[in-house]
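Letter by letter, the chains look like this.
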Amino acid sequence: MIIRPETLLRPVPGGLYCPAGDFWIDPTRPVARAVITHGHADHARAGHGAVLATKETLAIMAARYGARFAGSMQALAYGERAAIGGIDVRLVPAGHVLGSAQAVVEKGGARVVVSGDFKRRRDPTCTAFEPVACDIFISEATFGLPVFRHPPDAGEIAKLLLSLSTFPDRCHLVGAYSLGKAQRVIALLRETGYDAPIYLHGAMQKLCDLYEALGVGLGDLRPAQEMMKTPLTREVFKGAIVIAPPSSLNDIWSRRLGDVVTCFASGWMRVRARARQRQVELPLILSDHADWDELTATVAELKPGQLWVTHGAEEALVHWAQTNGVPARALSLVGYDEDGAGERDEAEA
Amino acid sequence: MNRFAALLDRLVYAPQRTVKLRAIERYLRDTPDPDRGYALAALTGSLSFKHAKAGLIRTLAEARVDPVLFRLSYDYVGDLAETVALIWPQRRGANRAPELSEIVAGLEAASKAELPGLVEGWLDALDADGRWALIKLMTGSLRVGVSGRLAKTAAAAIGGVEPDEIELVWPGLHPPYTELFAWLEGRSERPRGIARAPFRPVMLAHALEERDLAVLKPGDFAAEWKWDGIRVQAVSDRGEARLYTRTGEDISAAFPDVVGLLGGDASIDGELLVFRDGEPASFNDLQQRLNRKTVTKAVLQDYPAGIRAYDILHLDGTDLRPLPYRARRARLEDLLGDGRERLDLSPLVPVSGWEDLQRLRANPPSAAAEGLMLKRWESSYLPGRVRGEWFKWKRDPRLVDAVLMYAQRGHGKRSSYYSDYTFGVWRGEELVPVGKAYFGFTDEELKEIDRFVRANTVNSFGPVREVAHTRDLGLVLEVAFEGLARSPRHKSGVAMRFPRISRLRWDKPPKDADRLETLEAMLPG
């Protein structure tokens, strides 16, 4: 029987649904069976019946939601196959955060790949993206505008280190999302030979511990909270790096650090107005999402029969694909990242 | 150019004035002539290039980039310079990055036909930050949170002189200011003899707060009407006459009918107004004269401008600023006497007590008075906003409840939010737009309105969204404004002065918003 690839997965309110296998990918509401691409909160929610994901993603969900976040869990290694209701499902690396995967859904020679969130550049904290030829590529487009070209990571880390040497008396407070970005910033710093203690906001601790437990070395990490109890607080944080969630950059907590250079590691920092909105003094353009060049190069490399775009700046990527001979459509799935002022701006980008 | 680009980048993000100052100062110290001079010119707004326009940048970018992608990107970024800087598809193997002085010289010398090729070459040679600086420079608005005054203060720091000393020599100087730097670095004498009719920094007032009245004594203060024009400084010096705005911008060319009014050797502080039969007209009339580089005969005739003077800074070779206001006022009265044609004295308002003044303030004698000014009799004329000396006491704003009709994304700092609002009031069964406002709300309220706009969009036209505005569904905004004038350009026939959002009326259904008749009743005369 010939299967038309567009019948394999259907975009419906709540996410992507596979009618033949009766399962969902990254559903935004509780369902009976879910395949989860990665641990970020807008893709991985608690309360599903059965969850299939990489063991790292399952561990991240357990760390965030507690051990009983779903009725049952099944770990699938990269490349391993599972059959759900007669549909073949495989997870391959997406290069986004630790454990992140693309979901490859196949039946009868038709193959659909759901990218989840992904990037193409090297990341010391996770396995690199693996391209899989397919009939339909379902892509994110968080940075789907040609103004987003992330510069090389090394230059951004160098900017941070240069600022530290220019302002040795000021604490450098780096806003970074607690899953993925924080660990990547730390790992990139360690690669340059920076071996001073790095201080963590309490919200960072659990996931940093989990990364270490899963084999990603992060060096000397210390809870900032402990240091805040001593009378020498301001001395300790002079010239130190503190990593905190973006929401803590301008709150009362950060005032206790003394004179602070507010830094923010995010792809959104490419646009000056965004950095200014956040009152950031040192923007670091570091993203876990593909930039415009990575998105278009991926589509050009895969040459899928069709491109579907889930979320982000869909319109521009769809337009680009169409003018480059790839039939494309925007799915406009809600519940994931939204362009504009969405809270996720500062969260997972 | 890379150094200048890095400076601008640092200035954009540096929140504190002291950090900005230090950054500019360091740049001016470390950068050789003539680059630093051109940078100072750029920061003080002293550069303009005849053929360099935002339109050229746009044309160049659109020739290289798919127009749909360009439009989507510009809509997102909200700033042309930054959009082009980021989107520019660089060609490999371009030339070395040009120096700032090369760029300035090129922009000045290039003909209209040569310019596109020149700029395109630079855009290819520079990185994203360099391209951004280049475009900012060409289009003449840096917007890096630095005033001309701040830049001059940084320059003054190099030579350990007061910023006011720079202001005094400034009008005679031209980019790249090599003689200024030579003086500041002690390599030559102070530039002199060329600075006629200089601008002197103005003294500013604080807004009066109710609790101030409890501690201030009425007997210590003179009161004047606060005129609704623009603050100017008219200077006449050895045959040279100039008119400056309160920030020191020279607007002489746009006001030939005002520049010559003063004569002699004097510098006065006053309000620029359009006069009709010796009385100040509305701000709307004055607006016909603003933002013009030159002026036509017809406009001069229809909108004759003049000055209502309220202070004097300099007279016949003597600096009067150290004198108390009482003495300066006497000198000003001597000079102007009963007033000249379109150059008269702002009259004093008798001060018997705060209650009487409060009553007067609510009912000014002229539509061109927007409240009162209180000046301490003993105050010297000090530059800047000096606490406790001068107060402005504006009349309470007018209020109207209007319905949000359209929203547009903001620019600059608010580029991702719907922050520019068009609102309307009822005329019969339909809403007619009566104004636009883009401030007055808190950051928190901005987010709430933005959420409302996104959830209730019924139509979109490019960056503009039409927001639901029926009798029962819509957002009512309490709008405060200073005055109202008839305007044939607006569909409603009225134009607001200085409108801003004063409150969000989530509690009020649109059908209970105000009607156009309410506004019409507020029109003067």
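A quick note: this is a predicted structure, and the numbers were derived from the prediction, not measured.

Chemist: So what about the overall build of chain A? Which residues, and what values?
Modeler: From N to C terminus, chain A includes 11 helices and 19 strands. Within chain A, the fraction of its 349 residues that count as buried is 61%. Counted over contacts in chain A with a minimum sequence separation of 6, partners at least 24 positions apart contribute 61%. Here chain A displays about 12500 Å² of accessible surface, and carbon together with sulfur accounts for 54% of that area.

Chemist: Describe in detail the sheet that holds strand 3 (residues 23-25) of chain A, supporting the description with residues and values.
Modeler: For sheets, the rule is that strands pair by backbone hydrogen bonds, running either parallel or antiparallel. Residue and element names in this part refer to chain A. Within the open sheet, the 6 strands sit side by side as 1-2-3-4-5-6. Their pairing is mixed. Among the strands making up the open sheet, the edge pair consists of strand 1 (10-12) and strand 6 (70-75). Adjacent strand axes in the sheet meet at a mean angle of 30° when their direction is disregarded. Of the pairings in the sheet, the one linking strand 2 (residues 15-18) to strand 3 comprises 3 bridges and is antiparallel in character. Of the residues in strand 3, the one forming a bridge with Leu 16 is Ile 25.

Chemist: Go over helix 8 (residues 115-125) of chain B with me, naming the residues and quoting the values.
Modeler: Those residues of helix 8 of chain B lying buried are Leu 115, Val 119, Trp 122, Leu 123, Asp 124 and Ala 125 of chain B. Next to the buried residues of helix 8 of chain B lie helix 4 (54-64), helix 7 (100-109) and helix 9 (128-139) of chain B.

Chemist: Break down the interface of chain A and chain B for me, with residues and values.
Modeler: Interface size, as often reported, equals the accessible area lost upon joining of the parts. Counting from both sides, the interface comprises 29 residues of chain A and, opposite them, 31 residues of chain B. Among the residues chain A hides against chain B, the three largest losses belong to Val 147, Arg 272 and Arg 276 of chain A. Together they make up 27% of the total. Counting every contact that joins chain A to chain B gives 4 salt bridges. Linking Arg 270 of chain A and Asp 129 of chain B is a salt bridge whose minimum nitrogen-to-oxygen distance equals 3.9 Å. The interface formed by chain A and chain B holds 6 residue pairs in polar contact (both at pLDDT 80 or more) in total. Every element with two or more residues in the side of chain A that touches chain B is listed here: helix 8 (272-277) and helix 10 (314-323) of chain A. Examining the composition of the side of chain A that touches chain B, we find that 6 residues originate from one element, helix 8 of chain A, more than from any other. Of the residues contributing to the side of chain A that touches chain B, the split by class is 15 nonpolar, 4 polar and 10 charged.

Chemist: With reference to specific residues and values, describe the environment of Pro 304 of chain B.
Modeler: All names here are of chain B. Looking at the element boundaries, Pro 304 is found in the loop between helix 16 (297-302) and strand 8 (305-315). Between the C-alpha atoms of Pro 304 and Arg 276, which are 28 residues apart in sequence, the distance is 7.6 Å. Discounting residues that sit within four places of it in the chain, Pro 304 has contacts with Asp 257, Leu 273, Val 274, Phe 275, Arg 276, Arg 289 and Arg 342.

Chemist: Residues and numbers for the sheet that holds strand 11 (residues 348-349) of chain B, please.
Modeler: All names here are of chain B. The 5 strands lie next to each other as 2-14-12-3-11, forming an open sheet whose pairing is mixed. At either margin of the open sheet sits one strand with a lone partner, and together these are strand 2 (206-207) and strand 11. When strand 12 (residues 369-376) meets strand 14 (residues 390-394), the two strands line up antiparallel, connected through 5 bridges. Of the residues in strand 14, the one forming a bridge with Lys 375 is Trp 390. In the packing of helix 18 (residues 354-362) onto the sheet, the strands contacted are strand 3 (221-227), strand 11, strand 12 and strand 14, and the crossing angle to strand 14 comes to about 50°.

Chemist: Can you break down the pattern of salt bridges residue by residue, with the values?
Modeler: Residues and elements named next belong to chain A. Within this structure, the stated rule accounts for 63 salt bridges over all chains. Residues Glu 281 and Arg 170 are paired through a salt bridge, measuring 3.1 Å at the closest nitrogen-oxygen approach. Residue Glu 281 is found in the loop between helix 8 and strand 17 (282-284), and its partner Arg 170 is found in the loop between helix 2 (153-166) and strand 12 (171-175); the two are separated by 111 residues along the sequence. For the residue pair Glu 281 and Arg 170, the accessibility class agrees, reading buried in each case.

Chemist: Outline helix 3 (residues 35-43) of chain B, supporting the account with residue identities and numerical values.
Modeler: Residues and elements named next belong to chain B. Across the 9 residues that make up helix 3, a large majority, 9, are buried. Looking only at helix 3, the buried set comprises Asp 35, Arg 36, Gly 37, Tyr 38, Ala 39, Leu 40, Ala 41, Ala 42 and Leu 43. Contact partners of the buried residues in helix 3: helix 1 (2-13), helix 2 (17-30), helix 7, helix 9, helix 10 (148-159) and helix 12 (178-184). Gly 45 sits one or two residues past helix 3 and shows a positive phi near 70°.

Chemist: Let's hear about the packing of helix 2 of chain B against helix 3 of chain B: which residues, and what values?
Modeler: Residues and elements named next belong to chain B. Packing of helix 2 against helix 3 brings their axes to within 8 Å, and their N-to-C directions diverge by 150°. Compared by their axis directions, helix 2 and helix 3 come out roughly antiparallel. For the crossing formed where helix 2 meets helix 3, the hand is left-handed. Where helix 2 abuts helix 3, its residues Ile 24, Tyr 27 and Leu 28 lie against Asp 35, Arg 36, Ala 39 and Leu 43. The class makeup of the residues in the contact of helix 2 with helix 3 is 5 nonpolar, no polar and 2 charged.

Chemist: Describe the packing of helix 8 of chain B against helix 9 of chain B, with residues and values.
Modeler: What describes two packed helices is the angle between their axes and the distance between those same axes. Residues and elements named next belong to chain B. Where helix 8 contacts helix 9, the two axes come as close as 9 Å, and the packing angle between them is 150°. Between helix 8 and helix 9, the crossing angle belongs to the class labelled roughly antiparallel. Across the interface between the two elements, Val 119, Trp 122 and Leu 123 from helix 8 touch Arg 131, Leu 134, Ile 135 and Met 138 from helix 9. Looking at the contact of helix 8 with helix 9, its residues break down into 6 nonpolar, no polar and 1 charged.

Chemist: Hey, could you go over the side chain of Arg 200 of chain B for me, with residue numbers and the actual values?
Modeler: All names here are of chain B. With respect to the helices, strands and loops of the structure, Arg 200 is situated in the loop between helix 12 and strand 1 (203-204). Within the buried set, Arg 200 has no salt-bridge partner at all; the shortest N-O distance to an opposite charge, 5.2 Å, is to Asp 319. Beyond its immediate sequence surroundings of up to four residues, Arg 200 is in contact with Gln 233, Val 235, Ser 267, Leu 313, His 314 and Arg 321.

Chemist: Can you lay out unusual backbone geometry for me, pointing to particular residues and giving the numbers?
Modeler: Residue and element names in this part refer to chain B. With an omega of -5°, the peptide bond between Asp 33 and Pro 34 qualifies as cis. With respect to the helices and strands, the residue Pro 34 is situated in the loop between helix 2 and helix 3. Of note, the amide linkage connecting Pro 175 to Pro 176 takes the cis form, showing an omega dihedral of 5°. Note that Pro 176 resides in the loop between helix 11 (163-169) and helix 12. In the Ramachandran plot, Asp 316 falls in the positive-phi region, its phi being about 45° despite a non-glycine side chain. Structurally, Asp 316 can be placed in the loop between strand 8 and strand 9 (318-319).

Here is what the cut-offs are and how they apply
- Residues numbered from 1 in each chain as written.
- Chains lettered and ligands numbered in written order.
- Predicted model: local features only at pLDDT ≥ 70, side-chain atom pairs only at ≥ 80, totals over all residues.
- Heavy atoms only, no water.
- Helix = DSSP H or I, 4+ residues; strand = E, 2+ residues; numbered from the N terminus.
- Buried < 20%, exposed > 50% of the residue type's maximum accessible area, 1.4 Å probe, protein only.
- Contact = heavy atoms within 4.5 Å.
- Areas by Shrake-Rupley, 256 points an atom, 1.4 Å probe, with all protein chains shown as cover.
- Pairing = 2+ DSSP bridges.
- Axes fitted to C-alpha atoms, helices over the stretch in contact; angles between N-to-C directions.
- Buried area = accessible area lost by both parts, 1.4 Å probe.
- Salt bridge = Lys/Arg side-chain N within 4 Å of Asp/Glu carboxyl O.
- Polar contact = N/O pair within 3.5 Å; in protein donor to acceptor, adjacent residues only side chain to side chain.
- Nonpolar A, V, L, I, M, F, W, Y, C, P; charged D, E, K, R; others polar.
- Parallel < 35°, antiparallel > 145°, perpendicular 65-115°, else oblique.
- Left-handed = near helix turned anticlockwise from the far one by under 90°.
- Lys, Arg positive; Asp, Glu negative; His and termini not counted.

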